[in-house]
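# Examination of the molecular architecture
Each chain is listed here by its residues.
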Amino acid sequence: MNFKNLKEYLAWLYYQYLLITGIYVLEPWEKSIFNSILFSVITMVIYTSYVFVPIHVRLALEFFSGIFGGQPESTMALMN
Amino acid sequence: MTESPSTKPANGDVCQRVKNGLKPERNGLAKSLYRCHEKKSKHHRQPEEEEVNATSHHGVLYSRPFIESYEQTPMLPAVFTYMSYGILTIFGYLRDFLRYWKIERCNIAGEKEEQRDFVPLYQDFENFYTRNIYIRIRDNWNRPLCGVPGPTMDLLERTSPDYNWTFAQSGRVLQDVINLGSYNYLGFAENKGACADAAAEITMKYGVGVASTRQELGNLDRHEELEKLVARFLGVESAMSFGMGFATNSMNIPALSGKGCLLLSDELNHASLVLGARLSGSTIRVFKHNNMQSLEKLLREAIVHGQPRTRRPWKKILIVVEGIYSMEGSIVRLPEMIALKKRYKAYLYLDEAHSIGALGPRGRGVVDYFGLDPGDVDVMMGTFTKSFGAAGGYIAGKRELIEYLRSHSHSAVYASSMSPPVVEQVITSMKCIMGEDGTTIGCDRVHQLAKNAVYFRRNLQKMGFIIYGNEDSPVVPMMLYMPAKIAAFSREMLKRNIGVVGVGFPATPIIESRARFCISASHTKDVLDRALSVISEVGDLVNLKYSRQKIQPSVARSFDDNVFEDIDD
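Residues numbered from 1 in each chain as written. Chains lettered and ligands numbered in written order. Predicted model: local features only at pLDDT ≥ 70, side-chain atom pairs only at ≥ 80, totals over all residues. Heavy atoms only, no water.

## A closer look at the overall build of chain B
Selection rule: Secondary structure is summarised from DSSP: a helix means a run of H or I of at least four residues, a strand means a run of E of at least two, and numbering begins at the N terminus for each. Relative accessible area decides the class of each residue, using a 1.4 Å probe on protein chains only: under 20% of the type maximum gives buried, over 50% gives exposed, and in between gives partly exposed. Contact definition: two residues touch when any of their heavy atoms are within 4.5 Å. Methods summary: accessible areas were calculated by the Shrake-Rupley approach with a probe of 1.4 Å, and residue burial reflects only the protein chains presented.
Counting its secondary structure elements, chain B contains 19 helices and 16 strands. Looking at chain B as a whole, 53% of its 569 residues qualify as buried. Of the contacts made within chain B by residues no fewer than 6 positions apart, 70% connect residues no fewer than 24 positions apart. When the accessible area of chain B is evaluated, it comes to approximately 26,500 Å², of which 55% is carbon and sulfur surface.

Below is the structure:
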């Protein structure tokens, strides 16, 4: 398939999305409802991951380094 | 060798191989066939199912390679298909809710106000599917034609202002739409030529209506001639014709079997055969599609255990199959079936609706295709709708059977007989196929159809579509899977002036929707090439090229290359 520009390619991708989800057969107001629900769900997922994923990753790293790296420290402290 | 049910011979066949005198390993040619077949099968051990029966394995049963392919549904399209049906069901519930609370108008039949508390009539899945999915894409079916459905046709253009609840005709005619959906296998659906002239002449002489049943005053001399001709065409003793193909099956199976008989019918039999079987009142058992092991198991169980409660022997066992299955494009395994029926003393009812005229070197159907004796099939049934360009059906077989049916069949006794121009169309086209009108038109058309079918199928498979069925059948189902793609494919093809038939839920399993092409002898190579290039273009646009099989060389070609290399004695 030859796409003259990016806009045509994006239009084809949107067409594939309509076909795969079955939205293609629905009336325009039903398409809008589905698109807005899907868009809001994806936005919320992105926002949540942006806000919370770094915090969770930092806590997880601290937890695991606490298990492996923490032991030599405590025995050394006891010896001293 | 692939251990599939088709390649394991029935026990009776072991004696046949030894009777030949030579065991297959001694004959150099068969050994090389076996070897290149083994070499080929080692390359393609992939998840798809492809069954090839080489001559060496069945000895005398199959005189030509029987290649069928049913590629497994790829996972991602299957997941998306279920997902899209789920989303459409949710929106269906939403719309039904709006209709129930009168927020929007209900355009389809519903219960009246007074009947709201009665048992609901329209709540089953079929009605839900019709209301919420079928109506939305309904503009792809019931398209009005305004001319003869030949290799090209003229369609009336329709638009719908309210999303397919009603249609308005704009008055424009779409000219010369390539017709890939009509059952016009030999191209006899035409308004010029010998058949049309003969039909017009006979209308001037006999009129159009018959105004009676066959048994009363509706038996014309043309009907008698038609029946003698059909019997001669098929190579049997006698035949009988009926006005409607569907009624032939549904009204004659009850006359042939009743209570105390057993009907063994294929999984994918046509609705007319299923209806006839249910009307007859016999016990019905279903075997897996084209699977001889399943059939043999059922036969053995039936003979050993007898009727369900009384254990008496069955009055008769009738195996009901079709020649070509129109939704799968598969051809019945007739040689094995005849061997089984002879061994277990059952009767065979063969419905050749799609295969008569379309298969075989002389166009005599699936019996001719395998080179078998027509006397082996007890009841041969067929229709005149597909290859002969007319309407109606026939049943052929031994003389006693047909004499019995003349007085006991509901269709012969109550339904009015075939109309004279239709009878004349069948007579002329059948004589043309047999070559009795002095030309070779019929013979050429049969060969052209065989070539067209193989060419079209091979090219579609090379392009990467999933095609079901036997390599030689003129019915070509192409898998689409998703419901939105049935509508998209059909509409895009019509925009490019090609008419196709898409098939969805009630006729096929819910995730296996397909587009079914019917190849005709009247399609020239240019028309097929244009159709193929447009199908490829639309396939790329709609993303239908699911196949993951590599293109393998056909069995015939591998014989040519190395058939003499392996002989070492």
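Picking up where we left off.
## A closer look at unusual backbone geometry
Despite not being glycine, Tyr163(B) has its phi angle at roughly 55 degrees, a positive value. Assignment of secondary structure puts Tyr163(B) in the loop between strand E3 (152-159) and strand E4 (168-179).

## Concerning helix H8 (residues 245-256) of chain B
Our working rule: Given a helix with a known number of residues, its expected span is that number minus one, times 1.5 Å.
Between its first and last C-alpha, H8(B) extends 17 Å over twelve residues, near the 16 Å set by a 1.5 Å rise per residue. Looking at H8(B), one finds that the buried residues are Gly245(B), Ala247(B), Thr248(B), Asn249(B), Ser250(B), Asn252(B), Ile253(B), Ala255(B) and Leu256(B).

## Some words on the interface of chain A and chain B
Often, the extent of an interface is quoted as the loss of accessible area on bringing the components together. Inclusion rule: The term buried area refers to how much accessible surface (probe radius 1.4 Å) is lost by two components on association, counted for both of them together. Salt bridges, as used here, are contacts in which a Lys or Arg side-chain nitrogen is within 4 Å of a carboxyl oxygen on Asp or Glu. Between N or O atoms, a polar contact is any pair within 3.5 Å; within protein, one atom must be a potential hydrogen donor and the other a potential acceptor, and residues adjacent in sequence are included only when both atoms are from side chains. When residue character is reported, Ala, Val, Leu, Ile, Met, Phe, Trp, Tyr, Cys and Pro are called nonpolar, Asp, Glu, Lys and Arg charged, and the others, Gly included, polar.
Each side of the interface is counted separately: chain A has 17 residues, and chain B has 22 residues. Summing both sides of the interface, chain A and chain B together bury roughly 1,900 Å²; the carbon and sulfur share of this comes to 70%. Here chain A is connected to chain B by three salt bridges. Two residues, Glu30(A) and Arg95(B), come together in a salt bridge whose shortest N-O distance is 2.7 Å. Taken together, chain A and chain B are joined by six residue pairs in polar contact (both at pLDDT 80 or more). Every element with two or more residues in the side of chain A that touches chain B is listed here: helix H1 (6-21) and helix H2 (28-68) of chain A. In terms of residues, the side of chain A that touches chain B owes the most to one element, H1(A), which gives six residues. In terms of residue class, the side of chain A that touches chain B is built from twelve nonpolar, three polar and two charged.

## Here's the deal with the packing of helix H7 (residues 221-234) of chain B against helix H15 (residues 420-434) of chain B
All names here are of chain B. Using the following cut-off: Simply put, an axis is a line fit to the C-alpha atoms, just over the touching stretch for a helix, and the angle between two N-to-C directions goes from 0 to 180 degrees. Small angles under 35 degrees read as roughly parallel and large ones over 145 as roughly antiparallel, with 65 to 115 read as roughly perpendicular and the rest as oblique. In this scheme the handedness of a crossing depends on how the near helix is turned from the far one: anticlockwise by less than a right angle means left-handed, clockwise means right-handed.
Viewed as axis vectors pointing N to C, H7 and H15 meet at an angle of 30 degrees, and their least axial separation amounts to 10 Å. With respect to H15, the axis of H7 lies roughly parallel. For the crossing formed where H7 meets H15, the hand is left-handed. On H15, the residues touching Arg222, His223, Glu225, Leu226, Leu229, Val230, Arg232 and Phe233 of H7 are Val423, Glu424, Val426, Ile427, Met430, Lys431, Ile433 and Met434. Class assignment of the residues belonging to the contact of H7 with H15 gives a composition of ten nonpolar, one polar and five charged.

## Focus on the packing of aromatic side chains
Applicable threshold: Planes of paired rings set the category: under 30 degrees apart is stacked, over 60 is edge-to-face and the rest tilted, where pairs are Phe, Tyr or Trp rings (Trp by its six-membered ring) whose centres lie within 6.5 Å. Put simply, a charge is over a ring when the Lys NZ or the Arg CZ is close to the ring centre, within 6 Å, and near the line of the ring normal, within 35 degrees.
Inspection of every chain in the model, using the stated rule, returns 23 aromatic pairs over all chains. A centroid spacing of 5.9 Å and a plane angle of 80 degrees characterise the contact between Tyr15(A) and Tyr24(A), whose relative ring orientation is edge-to-face. There is no split in this pair, since Tyr15(A) and Tyr24(A) are both buried. Between Phe384(B) and Tyr394(B), the ring centres sit 5.5 Å apart and the planes meet at 40 degrees, which makes this aromatic pair tilted. Of the two residues, Phe384(B) is situated in the loop between strand E10 (379-383) and strand E11 (393-397) and Tyr394(B) in strand E11; the sequence distance between them amounts to ten residues. Pair check on accessibility: Phe384(B) and Tyr394(B) agree, each one buried. The structure contains a cluster of three or more aromatic residues connected by ring pairs, namely Tyr93(B), Phe125(B), Phe128(B), Tyr129(B) and Phe505(B). The positively charged end of Arg158(B) is found above the aromatic ring belonging to Phe167(B), 4.1 Å away from the centroid. The aromatic ring of Phe188(B) is capped on one face by Arg445(B), whose charged end is 4.7 Å from the ring centroid.

## Comments concerning the sheet that holds strand E16 (residues 514-518) of chain B
Residues and elements named next belong to chain B. The condition that has to hold: Here the rule is simple: two strands pair whenever DSSP picks up at least two bridges between them.
What the three strands build is an open sheet, ordered E13-E16-E15; its pairing is antiparallel. The sheet terminates laterally at strand E13 (475-479) and strand E15 (501-503), the two strands that pair on one side only. If you compare each strand with its neighbour and ignore which way they point, the axes differ by 30 degrees on average. Bridge analysis of E15 against E16 gives three bridges, and the strand direction is antiparallel. Bridging from a neighbouring strand, Gly502 pairs with Ala515 of E16. Packing against the sheet, helix H16 (residues 441-463) makes contact with E13 and E16, and its axis sits at approximately 15 degrees to E13.

## Points about the pattern of salt bridges
Applying the stated rule across the entire model yields 34 salt bridges over all chains. Ionic pairing is found between Glu27(A) and Arg95(B), a salt bridge with its closest N-O pair at 3.1 Å. With one member in each of two chains, Glu27(A) in the loop between H1 and H2 and Arg95(B) in helix H4 (residues 75-100) form a pair that bridges those chains. Each member of the pair Glu27(A) and Arg95(B) is classed as buried. Across the pair Glu62(A) and Arg58(A) runs a salt bridge, and its minimum N-O distance is 3.5 Å. With Glu62(A) and Arg58(A) both in helix H2 and four residues apart, the pair spans about one turn of that helix. Among the charged side chains, a salt-bridge network with shared partners connects Glu27(A), Glu30(A), Arg95(B), Asp96(B), Arg99(B), Glu104(B), Arg131(B) and Arg136(B).

## What to know about the UniProt feature "domain: Aminotransferase class I/classII large" (unreviewed entry) in chain B
Under the convention used in this document: UniProt positions are given in the numbering used here, feature names are shortened, and annotations may be inferred rather than shown by experiment.
As annotated by UniProt and renumbered to match this structure, "domain: Aminotransferase class I/classII large" (unreviewed entry) occupies residues 176-535 of chain B. Measuring from the first to the last C-alpha atom of residues 176-535 of chain B gives 17 Å, for a span that is 43% helix and 16% strand.

## Examining the side chain of Glu492(B)
Considering the arrangement of structural elements, one finds Glu492(B) in helix H17 (residues 483-495). A residue is classified by how much of its surface remains accessible, and Glu492(B), at 9% relative accessible area, is buried. Side chain to side chain, Glu492(B) and Lys495(B) meet in a polar contact 3.2 Å long. Side chain to side chain, Glu492(B) and Arg496(B) meet in a polar contact 3.0 Å long. The residues contacting Glu492(B), other than those within four sequence positions of it, are Tyr15(A), Val538(B), Leu541(B) and Val542(B).

## A few points about empty space enclosed by the protein
Residues and elements named next belong to chain B. To keep things clear, this is the line we draw: Only protein atoms enter the 1 Å grid, on which a cavity is a set of points fitting a 1.4 Å probe that cannot get out and a pocket is an open set with protein on both sides within 12 Å along at least 5 of 7 lines, lining residues being those with an atom within 4 Å of a point. Grid points are joined across faces, edges and corners, and a volume is the space filled by probe spheres set on the points.
A complete count under the given rule lists three cavities of 30 Å³ or more for this structure. If you add up the space inside the largest cavity, you get close to 70 Å³. Forming the boundary of the largest cavity are Arg214, His223, Met240, Ser241, Phe242, Gly243, Ser411, Ala412, Ala415, Ser416, Ser417 and Met418. For the lining of the largest cavity, the elements supplying multiple residues, two or more each, are strand E5 (238-242) and helix H14 (410-414). Take the lining of the largest cavity: its biggest share by element is three residues, from E5. For the lining of the largest cavity, a count of residues per class yields five nonpolar, six polar and one charged.

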